[in-house]
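# Report on the structure
If you want the building blocks of each chain, they are given just below.
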Amino acid sequence: MRYSWGLIALLFVSTAYSASVSLSWDASTSSGITEYIVKYGAVPGVYTAQESAGMATSKTIPGLPDGFRYYFVVTAKGSGGESDVSNEVSYRQSFSNPPVQILLEVASAILEPPFVLVSDGSYTYAVSTNEDVGFCRFFPTFPFLDEYVIWAAVLSENEGTDSFYVSQDSHPEDVYDTVRLWTPAWQWTMINGRGGIDKPIESSHAIDPRFFIVSGPNEIRFRGREQGTKLKAILITNDRSVVPIYPSTPTNLTLTLER
Amino acid sequence: MWRCIALALLIPLSVSAQSIFLHRLNWNPVPEVVSGYKVYRSLNSAPFFLMDSTTNTNYTFTNTAAGIYRYRVTSYNPFGESLPSQEVATGTLRPSTPTNVTLQVIIPIP
């Protein structure tokens, strides 16, 4: 006979120190518990390692490598067997790299038609003149493996000119909706995603914009989606505190002459 | 309003190219933290080119060779540059071309 174990709720994941996590949970409501087992792995639902917590309702797992997300569950064991797994929690130890910013103008990108480079006297930008075709390919070199966000300087004046397909190296494309508010001014927005190019617009901005990028040369590729969406530059950074903006236009310019 | 002032400036400044004038551009600071401002100049309707950059909200220089000059400024930070301000203009006109040149041969009296 299988015991009916109460729900074990994982309450807390915290870093005890760098690259360690501390987990705690509510005790099983069943009697006869002999030990709790923490199971974890790098893929959700697949637990390749486990450690016993004994009768304690907390456990510290040390030695997790920086930068990778780990998924944890807890089971209870008794004389009648092992419970189902608890809810899953995850944690990713941050990378400990120094902050870096890589700013790339479109003039340094490789354009494939119908993407063209345009200068309007104030700005030089890339724009695709047809829907769904043409590439604007950036080739940044990254100093180290890290989790980066990518900002793009775009001009999206209306709902019909506010998206690109974006991909990194050989990873699948996603839809980057450039803005939520359309304006005739250039603006920086963080590249987001829908979780796939076949996802509906309601999924826009659903994906936490993260790019895991290894050190060395990489490719960030924009494919035209809505013609007329204008791209001026990209900023790649591992520093979430960086928020690039365009400064305002100076006003009230006057000229005076003196002998 | 500033266009009117710019046009008005053109007229009284039809001065001799030899006169030394101190030119002073002033503008309002932008609200954001910026790296500085860039001053652009255009001569006789040619494209604007970068004249200088400054962290101040004014820029002074002495007068230039004859021609119609237009100026505008932008603000900039590490992430980009603003759109240009409205323009102001001034001119140091070249002297007008002499016309109606005639030649008279003077025959010496033998």
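In the block above lies the structure referred to throughout.
One structure accompanies this document, and this report is about it. (Residues numbered from 1 in each chain as written. Chains lettered and ligands numbered in written order. Predicted model: local features only at pLDDT ≥ 70, side-chain atom pairs only at ≥ 80, totals over all residues. Heavy atoms only, no water.)

Here we come to the overall build of chain B. When helices and strands are counted, chain B shows one helix and seven strands. Listing each helix as α and each strand as β along chain B from the N terminus yields α-β-β-β-β-β-β-β. Burial analysis of chain B (110 residues in total) assigns 37% to the buried set. Here the contacts in chain B between residues at least 6 apart in sequence split such that 59% fall between residues at least 24 apart. Just so you have it, chain B exposes about 6900 Å², and 60% of that area is on carbon and sulfur atoms. (Helix = DSSP H or I, 4+ residues; strand = E, 2+ residues; numbered from the N terminus. Buried < 20%, exposed > 50% of the residue type's maximum accessible area, 1.4 Å probe, protein only. Contact = heavy atoms within 4.5 Å. Areas by Shrake-Rupley, 256 points an atom, 1.4 Å probe, with all protein chains shown as cover.)

Right, let's talk about the nonpolar core for a bit. All names here are of chain A. The biggest cluster of nonpolar side chains holds 27 residues, and the ones touching the most others in it are Cys136, Phe138, Ile220, Phe222, Leu231, Ile234 and Ile236. Contributing elements (two or more residues each) for this core: strand S9 (101-105), strand S13 (135-138), strand S15 (146-155), strand S16 (163-168), strand S19 (211-213), strand S21 (220-224) and strand S22 (230-237). The biggest single contributor to this core is S15, with four residues. The contact partners of phenylalanine 222, leaving out residues within four places of it in the chain, are Phe115, Gly134, Phe135, Cys136, Phe138, Phe164, Tyr165, Val166, Tyr176, Ile191, Leu231 and Ile234. (Core = buried A, V, L, I, M, F, W, Y, C linked by side-chain atoms within 4.5 Å.)

Further remarks concern the side chain of A:Thr75. Its place among the elements puts A:Thr75 in strand S6 (residues 69-78). With relative accessibility at 1%, the residue A:Thr75 sits in the buried group.

Positionally, A:Lys232 belongs in strand S22. For A:Lys232, the residues in contact, after removing those within four places along its chain, are A:Glu105, A:Val106, A:Tyr123, A:Thr124, A:Tyr125, A:Ala153, A:Trp186 and A:Tyr246.

Time to look at the interface of chain A and chain B. Contact residues are listed per partner, giving 25 residues for chain A and 37 residues for chain B. In total, chain A and chain B occlude about 2800 Å² of area from one another, counting both sides; carbon and sulfur atoms represent 59% of this. When the buried surface of chain A facing chain B is broken down by residue, A:Pro250, A:Leu253 and A:Leu255 rank first, second and third, together holding 28% of it. Here chain A and chain B share one salt bridge between them. Where B:Arg24 meets A:Glu258, a salt bridge forms, and the shortest distance between an N and an O atom there is 3.6 Å. At the boundary of chain A and chain B, one finds 14 residue pairs in polar contact (both at pLDDT 80 or more). Breaking the side of chain A that touches chain B down by element, the ones donating at least two residues are S9 and strand S23 (251-258) of chain A. Looking at which element gives the most residues to the side of chain A that touches chain B, the answer is S23(A), with eight residues. Taken together, the six bridges between S23(A) and strand S1 (residues 22-28) of chain B define a ladder with antiparallel strand orientation. Residue pairing in the sheet places A:Glu258 in a bridge with B:Leu22 of S1(B). (Buried area = accessible area lost by both parts, 1.4 Å probe. Salt bridge = Lys/Arg side-chain N within 4 Å of Asp/Glu carboxyl O. Polar contact = N/O pair within 3.5 Å; in protein donor to acceptor, adjacent residues only side chain to side chain. Pairing = 2+ DSSP bridges.)

For the bond running from A:Pro113 to A:Pro114, omega is 5 degrees, close enough to zero to count as cis. Examined against the element boundaries, A:Pro114 turns out to sit in the loop between strand S10 (110-112) and strand S11 (115-119). Look at A:Asn252: it is not a glycine, yet its phi comes out positive at around 60 degrees. Along the chain, A:Asn252 falls in strand S23. According to the relative accessible area criterion, A:Asn252 is partly exposed, its value standing at 29%. In this model, B:Asn100 sits at a positive phi of 55 degrees, which is unusual for a non-glycine residue. By the secondary structure assignment, B:Asn100 is in the segment after strand S7 (88-92).

Let us look at the sheet that holds S13(A). Residues and elements named next belong to chain A. A sheet is described by the order of its strands in space; here five strands give the open sequence S10-S13-S21-S16-S17, paired in antiparallel fashion. Bordering the open sheet on either side are S10 and strand S17 (174-177), each of which pairs with just one other strand. Sheet twist, expressed as the average angle between the axes of neighbouring strands with direction ignored, equals 25 degrees. As judged from the four bridges shared by S16 and S17, these two strands associate in the antiparallel manner. Along S17, the bridge assignment pairs valine 166 with aspartate 174. (Axes fitted to C-alpha atoms, helices over the stretch in contact; angles between N-to-C directions.)

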